[in-house]
Amino acid sequence: MVRVRFAPSPTGRLHLGNARTAVLNALFAAHHGGAFVLRIDDTDDARCRPEYVQDIQQDLRWLGLSWDEEFAQSANVETHRMLFQTLKDSGRVYPCFETPEQLAIWREQQLSAHLPPRYDRVKGKSVPEHDHPYWRFALSEKEIQWNDLIQGPMVCDTRHLSDPVVMRQDGTMSYLLSSVMDDVDRRITHIIRGADHLTNTAIQTEMMQALGANIPFWAHFPLMLDQNGDKYSKRSGAKSLQELKEEGWLPSAIVQAVAQLGLSHQISGDFAHMASHFSLSEYSKSNGKFSMQDIAIIQSRLWANMAYEDLSPDVQASIDPGLWPVVRNNIVLAGDIARWQQICTDPHWVAPDGMDGSSLPQDFCTTAINALNTRAISKQSGEPLREWVWQPDPWHHWVNAIMLVHPNLKKGLVARTLRMMLTARTGGPKMEDLLPLLPPKIVQCRLERMHDALLSPS
Ligand code: GLU
């Protein structure tokens, strides 16, 4: 049975890079009907905090991911100790006694002799023994080959690598070995992770061999780069999932965007649909550029395909059912929905100033107001209202009525100007769809305010 794991360190909230690892593992497990294990890597970093474990769980649940098993590495130290003893017994780990200063001197000597800085086992043995060794894993100094499910055939000669440190002087184990021990202990069959771990793979393969374990399949997906070609990071503007949630990004859009990265065909549908079509072999092995625009495109497509009934109760509460079909093609963030509702219904909403009216006749706004063809109606409650007389298409009638007074104005300019004055946006739903939903009173108010603003430029 397929068993995969997602192994975040609890050093902060999850970010998009973590989300990608989690999503690809979860999709792979779901495709194969396998198990998805959440492993909390809490032993190898002083920045680990127990409270982040809950945050990680919350972030994953928000993405819509669930897992079959969960454990923290710190709960498995007994197993680590036992397996470490096996490696000691077989001589695959050895104690080292030199100080960090000595190590630094050796390194300098190698570099000045134009040699690669590599730990010298023989030299290491010359240092007198004492009670507080740290431990290294003895690499076999052979070629390690594997067929990476994304990168293809890989080979790494461990002769070029230093024997890695596996246990520090204080007895804590490094990620390299503890990760292997947990993967062996949990019978992980596929390790799917970022290409930044490629260099660990030969070492970890050797460790697994030394423990007499089956070697899992490896799959290393390429790095996420920003638009400058640098690793996508905080500096590129990367945000935590928590921040993205607060900004109004949809988990389904994030899941689809991170699953899409590296594929040449467009994927769609919910998690189950993506899982049924999932194949690691379709992912490119070259690094891919990523920006929030990738999520924005997917997210606006998701909104556009949602009927009012598909919206969450929160979102439903922020928009009139009649308005939704008109604006849903113009939504990226959830906040855009409330904004369109405000534009269409709030008499006090003020379009931001700063419109350039220099190409307009001075009486443009009054002409537009005079051309409003509305009639008074009253609700049974008695409150007088006004509605458009022109039906079903007040927009074209209105623009034409303005053009009768100003035949020299270009129709496009009139349309753009009215859109801007009413919505403060250059784009949005078709005005012929939007205007019938705008109460004429609101239209009049906005034009009056705009008239005053244009007459008294600051
Ligand atoms: N905790 C490690 C990381 O987040 C796990 C790496 C691995 O998947 O082996 O980088």
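In what follows, the structure referred to is the one given above.
Residues numbered from 1 in each chain as written. Predicted model: local features only at pLDDT ≥ 70, side-chain atom pairs only at ≥ 80, totals over all residues. Heavy atoms only, no water.

1. Comments concerning the site of the ligand
So, step 1. Neighbouring residues of the ligand: Arg5, Ala7, Ser9, Asp41, Tyr175, Ser179, Arg193 and His197.
So, step 2. The contact in question runs from a nitrogen atom of the ligand to an N or O atom on the backbone of Ala7, over 2.7 Å.
So, step 3. At a separation of 2.9 Å, an oxygen atom of the ligand approaches a polar side-chain atom of Arg193.
So, step 4. Against a free-state accessible area of 290 Å², the protein chains account for coverage of 78% of the ligand. (Near = heavy atom within 4 Å. Polar contact = N/O pair within 3.5 Å; in protein donor to acceptor, adjacent residues only side chain to side chain. Areas by Shrake-Rupley, 256 points an atom, 1.4 Å probe, with all protein chains shown as cover.)

2. Digging into the sheet that holds strand β8 (residues 165-167)
So, step 1. Taken in spatial order, the 3 strands of this open sheet run β4-β5-β8, and their pairing is antiparallel. With partners counted over all chains shown, the strands left at the sheet margins are β4 (93-96) and β8, one partner each. In this sheet, adjacent strand axes meet at a mean angle of 45° when their direction is disregarded.
So, step 2. The pairing of strand β5 (residues 134-137) with β8 spans 2 bridges and is classified as antiparallel. Each bridged residue has a counterpart across the sheet, and for Arg136 the counterpart in β8 is Val165. (Pairing = 2+ DSSP bridges. Helix = DSSP H or I, 4+ residues; strand = E, 2+ residues; numbered from the N terminus. Axes fitted to C-alpha atoms, helices over the stretch in contact; angles between N-to-C directions.)

3. Describing helix α7 (residues 198-210)
So, step 1. Over its 13 residues, α7 extends 19 Å from the first C-alpha to the last, a length consistent with the 18 Å expected when each residue adds 1.5 Å.
So, step 2. Extensive coverage of α7 is indicated by the burial of 11 of its 13 residues.
So, step 3. Restricting attention to buried positions, one finds in α7 the residues Leu198, Asn200, Thr201, Ala202, Ile203, Gln204, Thr205, Glu206, Met207, Met208 and Ala210.
So, step 4. Gly212 sits one or two residues past α7 and shows a positive phi near 70°. (Expected span 1.5 Å × (residues − 1). Buried < 20%, exposed > 50% of the residue type's maximum accessible area, 1.4 Å probe, protein only.)

4. Section: the state of the cysteines
So, step 1. In this structure the tally under the stated criterion is 0 disulfides.
So, step 2. Cys445 forms no disulfide, and the closest cysteine sulfur to it belongs to Cys365, at a distance of 13 Å.
So, step 3. When its relative accessible area of 31% is taken as the criterion, Cys445 is described as partly exposed. (Disulfide = S-S within 2.5 Å.)

5. Quick notes on the packing of aromatic side chains
So, step 1. For the structure shown, the criterion picks out 7 aromatic pairs.
So, step 2. A centroid spacing of 6.4 Å and a plane angle of 55° characterise the contact between Trp106 and Tyr119, whose relative ring orientation is tilted. Placement of the pair is Trp106 in helix α4 (residues 100-112) and Tyr119 in the loop between α4 and α5 (121-125), with a sequence separation of 13 residues.
So, step 3. Here Trp106 falls in the buried class, since its relative accessible area comes to 13%.
So, step 4. Centre to centre, the rings of Trp303 and Trp324 are 6.1 Å apart; their planes meet at 75°, and the pair counts as edge-to-face. Here Trp303 is found in helix α11 (residues 292-304), whereas its partner Trp324 is found in helix α13 (residues 324-327), with 21 residues between them in sequence. For the pair shown, Trp303 and Trp324 are each scored as buried.
So, step 5. Following the ring pairs from residue to residue traces out a cluster consisting of Phe28, Phe278 and Tyr283.
So, step 6. Of note, Lys125 hangs over the ring of Tyr94, and the distance from its end group to the ring centre comes to 6.0 Å. (Phe/Tyr/Trp six-rings, centres within 6.5 Å; stacked < 30°, edge-to-face > 60°. Lys NZ or Arg CZ within 6 Å of the ring centre and 35° of its normal.)

6. What about the nonpolar core?
So, step 1. Ranked by internal contacts, the top residues of the largest apolar core, which has 97 residues, are Leu16, Trp324, Trp398 and Leu418.
So, step 2. Counting residues per element, this core draws most heavily on helix α1 (residues 16-32), which supplies 9 residues.
So, step 3. Leu418 has contacts with Phe364, Ala368, Trp395, Trp398, Val399, Ile402 and Leu447, leaving out every residue within four places of it along the chain. (Core = buried A, V, L, I, M, F, W, Y, C linked by side-chain atoms within 4.5 Å. Contact = heavy atoms within 4.5 Å.)

7. Structural notes on the side chain of Asp157
So, step 1. Along the chain, Asp157 turns up in strand β7 (residues 152-157).
So, step 2. A distance of 2.9 Å separates a polar atom in the side chain of Asp157 from the backbone nitrogen of Arg159.
So, step 3. Setting aside anything within four residues of it in sequence, one finds Asp157 in contact with Lys142 and Glu143.

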